[in-house]
Amino acid sequence: MIAPAFRPVTKNRNYQIENRMADYGALSLIPPLVVVVLAIVLRTSFEPLLIGCLTGFLIIAIHNHSNFFTDFVDSIMNVIGDPSQSGSVWVILVCGLYGSLIGLMIRSGGTMKFGDWALRKIKSQRGALMGTWGLGLAIFLDDYLSALTVGLSMRKITDAYKIPRSKLAYIVNTTAAPWSVVVPISTWTIFTGAILAKSGVGPADEGLRTYWKMIPFICYGYISVLIIPLFIYGIIPWFGKMKKADMHASETGELKQMEFTMNSSLDVTPMNKQKQAKIIYFLLPIMVLLAATVYFNIDALKGVMIAVTFTFIYYMVIKVGSFSQLSETVFTGFNSMVFALAILMMSYVLKDVNDKMGLTQYVLHGVSPYVNRQLLPFLVFSSLSLIAVTTGSSWGLYAVAIPLVVPLANSLHSNVLLNCGAIVSAGVFGSNACLYSDATILTAQSTECNNLENGLTQLPYAGIAFGLSCIAYLVLGYTVS
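Bear in mind the structure is a predicted one, so any value in this text is a computation, not a measurement.

A word on the environment of Pro 285
- Along the chain, Pro 285 turns up in helix H15 (residues 280–295).
- Taking the relative accessible area as the measure of exposure, Pro 285 reaches 0% and is therefore buried.
- In this structure Pro 285 touches Leu 101, Met 105, Ile 280, Ala 307, Thr 311 and Tyr 315, once residues within four positions along its chain are discounted.

Right, here's the structure in full:
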């Protein structure tokens, strides 16, 4: 039993929520809508998030007769610096250190060597896509780990077969969070299990076991992952922007239709050009990363710290690079994640705005008069999906919604685990479909695909999984609830 892991899971991603209902009504919808519209119009992410946050705090200031700029600055300080918001610091450290580890592996030559080896084994475009899907299924402990590792590992292989980066990003993103919620153990299962235990869904000391009973009801997770091979094998044809990206890549050889803007000055030249690169320089740090993450109760921060330390010492001992080269690479690798982290932190400020305006509560209370026992799972999934896709919040959504939905399900005699599965599915849909979610941003970083291009091309495919999940929850509502 993994009881120590219930010590409030380290990757909280800013899930501390104010448990009060703010009286903003439909006004709470304005900030996320401003962000979505501007992101599409401006074809960027940070500026729309900033404007959306300022819009929200302006509404709050008018409502409370306060200073909106002071409220905005206080929110930034709370998100980044307040101990109760330590999840933001956790994300900065984890993502930055992943950047350091990636930088070390690239400059060792091991990443390139792994790509060369995989190219000899993979014989077709379909094989490259299935390899990406399979590797995503294998790395299930954490969606950050999956998104960053799979994107980095498969980029050279998919490039060789002229697969557009947006297609690579779609598969990487859709086998990260969706798969993490349907496997028995991951950072997602541990975190949500703790919320289930605190909400009285199961015994207080058996949150993870309660989550396992809920896994059959996480429809979006299964559907989104399992439809990928159907597209790869042509059973369902590619369409929309993804098809256009395919045609553009095959006709011009250009794999990106929009400029990739998040990359910084990460050096890719080998540190020691006289030393022949080996695959083990790539594989051993990955194995240490996975083993350390598991050893520390699926704690990705401790895992990546151990991996970076081990890789630094290992490379220095075998003379892959000098001490100064390795040190410089650690910092430049960390720096390569700064722009992605800036977007993430601003998305957390947007989430803080939404919490202050009571967006989740407003939507749930808005649909509750039309709820019956059979329709509850469908309405929970569809309404919370709207929130998740407009706010980019997944774990924060769980922390608010599960305590609200559990008593509602009990009062209607609806299956509680089914409704909690619908909540988890909604959060994962938001992780996939939101143009500025952490998953979209980190996938874009690892695949070097513009995050807006990544978000817009995969949105229709997430929409298919969403539609099928809606049907599944309607059926389950009448057969299981």
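Topic: the confidence of the model for the chain
- Per-residue confidence for the chain gives a mean pLDDT of 82; residues scoring 70 or more make up 89%.
- Low pLDDT, under 50, characterises residues 1–21; the predicted model gives this stretch 67 contacts beyond four residues in sequence or across chains.

What about helix H23 (residues 438–447)?
- Counting buried residues along H23, 10 of its 10 residues qualify, which places the element largely inside the surrounding structure.
- Asp 438, Ala 439, Thr 440, Ile 441, Leu 442, Thr 443, Ala 444, Gln 445, Ser 446 and Thr 447 are the residues of H23 that are buried.

Let's talk about the packing of helix H10 (residues 187–198) against helix H11 (residues 207–214)
- Between H10 and H11, the shortest axis-to-axis distance is 7 Å and the interhelical angle comes to 105°. Relative to H11, H10 is oriented roughly perpendicular. On the side of H10, the interface is formed by Thr 189, Ile 190, Thr 192, Gly 193, Leu 196 and Ala 197, while H11 contributes Gly 207, Leu 208, Thr 210, Tyr 211 and Met 214.
- Partitioning the contact of H10 with H11 into residue classes produces 6 nonpolar, 5 polar and no charged.

Comments concerning the packing of aromatic side chains
- Enumeration over the complete set of coordinates arrives at 18 aromatic pairs.
- Their ring planes at 65° and their centres at 6.2 Å tell us that Tyr 281 and Tyr 315 sit as a pair that is edge-to-face. On the criterion of sequence distance, the pair formed by Tyr 281 in helix H15 and Tyr 315 in helix H16 (residues 300–317) is long-range, its members being 34 residues apart. Assigned by exposure class, Tyr 281 and Tyr 315 land together as buried.
- Through a chain of ring-to-ring contacts, three or more aromatic side chains come together here, namely Tyr 170, Phe 231, Trp 238, Phe 239 and Tyr 461.
- Directly above the ring of Trp 238 sits Lys 167, whose terminal nitrogen or CZ lies 4.1 Å from the centroid.

Regarding helix H17 (residues 323–335)
- Between the first and last C-alpha of H17 there are 19 Å, a value that for 13 residues agrees with the 18 Å anticipated at 1.5 Å per step.
- Buried residues of H17: Leu 326, Ser 327, Thr 329, Val 330 and Gly 333, and no others. Projection of H17 onto a plane perpendicular to its axis shows the buried side chains occupying an angular sector of 160°, all on one side. Seen from the buried face of H17, the exposed residues on the opposite side, beyond 90 degrees, are Ser 324 and Phe 331.

Re the pattern of salt bridges
- Evaluation of the coordinates by the stated rule reveals 5 salt bridges.
- The partner of Glu 448 in a salt bridge is Arg 155, and the shortest N-O contact between them spans 3.7 Å. Of this pair, Glu 448 sits in the loop between H23 and helix H24 (451–479) while Arg 155 is found in helix H7 (residues 143–160), placing the two residues 293 residues apart along the sequence. For the pair Glu 448 and Arg 155, one class covers both residues: buried.
- In this structure, Asp 159 and Arg 165 form a salt bridge, with 2.6 Å as the shortest nitrogen-oxygen distance.
- Accessibility expressed as a relative area gives 24% for Asp 159, which makes it partly exposed.
- When its relative accessible area of 8% is taken as the criterion, Arg 165 is described as buried.
- Salt bridges sharing partners connect three or more residues here, namely Arg 155, Asp 159, Arg 165 and Glu 448.

What counts as what
Residues numbered from 1 in each chain as written. Predicted model: local features only at pLDDT ≥ 70, side-chain atom pairs only at ≥ 80, totals over all residues. Heavy atoms only, no water. Helix = DSSP H or I, 4+ residues; strand = E, 2+ residues; numbered from the N terminus. Buried < 20%, exposed > 50% of the residue type's maximum accessible area, 1.4 Å probe, protein only. Contact = heavy atoms within 4.5 Å. pLDDT = per-residue confidence, 0-100. Axes fitted to C-alpha atoms, helices over the stretch in contact; angles between N-to-C directions. Parallel < 35°, antiparallel > 145°, perpendicular 65-115°, else oblique. Nonpolar A, V, L, I, M, F, W, Y, C, P; charged D, E, K, R; others polar. Phe/Tyr/Trp six-rings, centres within 6.5 Å; stacked < 30°, edge-to-face > 60°. Lys NZ or Arg CZ within 6 Å of the ring centre and 35° of its normal. Expected span 1.5 Å × (residues − 1). Arc of directions from axis to C-beta. Salt bridge = Lys/Arg side-chain N within 4 Å of Asp/Glu carboxyl O.

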